[in-house]
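These are the residues of each chain, in order.
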Amino acid sequence: MSSGARIVEIETLLLDVPTIRPHRLSMVTMSGQTMMVVRLRCSDEFSGLGEGTTIGGLAYGSESPESMKLTIDRYIAPLLMGADATRVGLAMDKVNTAVKGNHFAKCAVETALLDAQARRLGLPLSELLGGRRRDSLPVAWTLASGDTAKDIEEAQRMLETRRHKDFKLKIGRRPINEDVAHVAAVRKALPDFASVRVDVNMAWREREAANGIAALGDAGCVLVEQPVPGVEPLARLQAKAGIALMADEILTGPESALTAASKLAGDVFSIKIEQAGGLFSAAKVISVAEAADIAVYGGTMLEGPIGTIAAAQLFSGVRSLEWGTELFGPLLLTEELLTEPLVYADFELKVPTGPGLGIQLHEAAVNRFRRDRTSTSTTLKAVG
Ligand code: MUC
Ligand code: MG
């Protein structure tokens, strides 16, 4: 059913926000996060928010916040001006026909369209994505200060405050024996109910990965995320690994998920809404995983609150989330960007229950961290 609501404005802006500490990954050290925010306005009273975020500029993937903004301003927004805002699938078909790739930018636009439509219907976004199975999600924390003692102290603080009990350690930058010693020391310092996993972000070669995975298993690590690039190497490693392997970077949408699933590359799939190309595509990646009996994990691109809650709305409906999620991105930022902060308590994130994403940006914070802004708009003539 179409209500006649049209898309009349798409605004993009970049927000630069510092992180609470340097975040060290195998390919980059982050000291801040840039969020590309989309504000989409419709001819009725409704509007929607979306976010495009990546890790370390172009260090993680082929889209930067600046390129997402340009893609939307120059190519996507003009296509959507005047389009029916209530037909999200149709609007995104138009975008997908005219714009190849650019998954992160498309995710931001699709999220904003879905937020506006769910607000229009008076429902949380989760209800447009199949409905919720839970109202809160387990959230892991990433230890990536680059220093073992600091990581242990940080993990202990998280346990004491009951914020996180599952920890992902970022490794792959140092020699394997040093990384394994680091993981073993953190594991040993924490109670049994805490879990330790690692993310190598593809930094290892296959042979060293085989040895590294075995040593990490002996040290009490329960999962290794994307140790090597490529589907085949990951599948070969999985065939002999004694602990779970998680696919991340190789999952760039439903087709890649099908390839990875059919080659048995990964016991667990990290689902990232931006990497998949949006919420609809991420839902298809989840379906592929479920059909292949691969566990589903709620991944993150270290998004701020908009992207984090968009993903949370989707993960709230996943049948089984035995490895939980890592939707902690907003907690890595020094500043609160919402009028009402997200609730992280008892090791979980509460999924907002209001219409749409269920969150509102704090305008003063937006103005404080805004780098630049562009808006594409159209004036619709009244009919009749
Ligand atoms: C990744 O590769 O999974 C997720 C958590 C974190 O610290 O970095 C990301 C990216
Ligand atoms: Mg990863």
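Nothing here was measured: the structure is a model prediction, and the numbers come from that model.

Considerations on the site of ligand 1
- What surrounds ligand 1 is a group of 15 residues, the closest being H23, K168, D199, N201 and E225.
- Within the side chain of H23, one N or O atom sits 2.8 Å away from an oxygen atom of ligand 1.
- Residue K272 places a side-chain N or O atom 3.1 Å away from an oxygen atom belonging to ligand 1.
- The cavity where ligand 1 resides is the second largest cavity.
- In terms of residue class, the shell around ligand 1 is made up of four nonpolar, four polar and seven charged.
- Taken domain by domain, the shell around ligand 1 gets at least three of its residues from each of domain 1 (7-123 + 361-372) and domain 2 (128-350).

Digging into the pattern of salt bridges
- Taken as a whole and assessed by the stated rule, the structure comprises 26 salt bridges.
- Two residues, R371 and D16, come together in a salt bridge whose shortest N-O distance is 2.8 Å. One end of the pair, R371, is in strand β14 (residues 370-377); the other, D16, is in strand β1 (residues 7-24), and 355 residues separate them in sequence.
- A relative accessible area of 28% means that D16 is categorised as partly exposed.
- We note a salt bridge from R21 to E154, for which the minimum N-O separation is 2.7 Å. With R21 in strand β1 and E154 in helix α4 (residues 148-160), the pair connects residues that are 133 residues apart, well separated along the chain. Side by side, R21 and E154 carry an identical accessibility label, which is buried.
- Here the residues in one salt-bridge network are E9, E11, R39, R41, E363, R370 and R373, joined through shared partners.

Concerning the sheet that holds β14
- The strand order across the open sheet built from four strands is β3-β2-β1-β14, with neighbouring strands paired in antiparallel fashion. The sheet is open, and its two edges are formed by β3 (47-53) and β14, each paired on a single side. Adjacent strand axes in the sheet meet at a mean angle of 20°, parallel and antiparallel pairs treated alike.
- Set on the sheet, helix α3 (residues 103-121) makes contact with β1, β2 (29-42) and β3; between it and β3 the angle comes to about 155°.

Some words on the packing of aromatic side chains
- A full pass over the atoms with the stated rule returns one aromatic pair.
- Just above the ring of F347 sits the side chain of K165; from NZ or CZ to the centre is 5.9 Å.

Structural notes on the pairing of strand β11 (residues 295-298)
- Every second residue of β11 is oriented toward a common face, with A295 and Y297 on one face and V296 and G298 on the other, all of them buried.
- Pairing between strand β10 (residues 268-271) and β11: four bridges, direction parallel. Bridge pairing in β11 places I271 opposite G298.

What counts, and where the lines are drawn
- Residues numbered from 1 in each chain as written.
- Chains lettered and ligands numbered in written order.
- Predicted model: local features only at pLDDT ≥ 70, side-chain atom pairs only at ≥ 80, totals over all residues.
- Heavy atoms only, no water.
- Near = heavy atom within 4 Å.
- Polar contact = N/O pair within 3.5 Å; in protein donor to acceptor, adjacent residues only side chain to side chain.
- 1 Å grid on protein atoms, 1.4 Å probe; cavity = no way out; pocket = protein on both sides within 12 Å on 5 of 7 lines; lining within 4 Å.
- Sits in = over half its atoms within 2 Å of the grid points.
- Nonpolar A, V, L, I, M, F, W, Y, C, P; charged D, E, K, R; others polar.
- Domains from an automatic or database assignment.
- Salt bridge = Lys/Arg side-chain N within 4 Å of Asp/Glu carboxyl O.
- Helix = DSSP H or I, 4+ residues; strand = E, 2+ residues; numbered from the N terminus.
- Buried < 20%, exposed > 50% of the residue type's maximum accessible area, 1.4 Å probe, protein only.
- Pairing = 2+ DSSP bridges.
- Axes fitted to C-alpha atoms, helices over the stretch in contact; angles between N-to-C directions.
- Contact = heavy atoms within 4.5 Å.
- Phe/Tyr/Trp six-rings, centres within 6.5 Å; stacked < 30°, edge-to-face > 60°.
- Lys NZ or Arg CZ within 6 Å of the ring centre and 35° of its normal.

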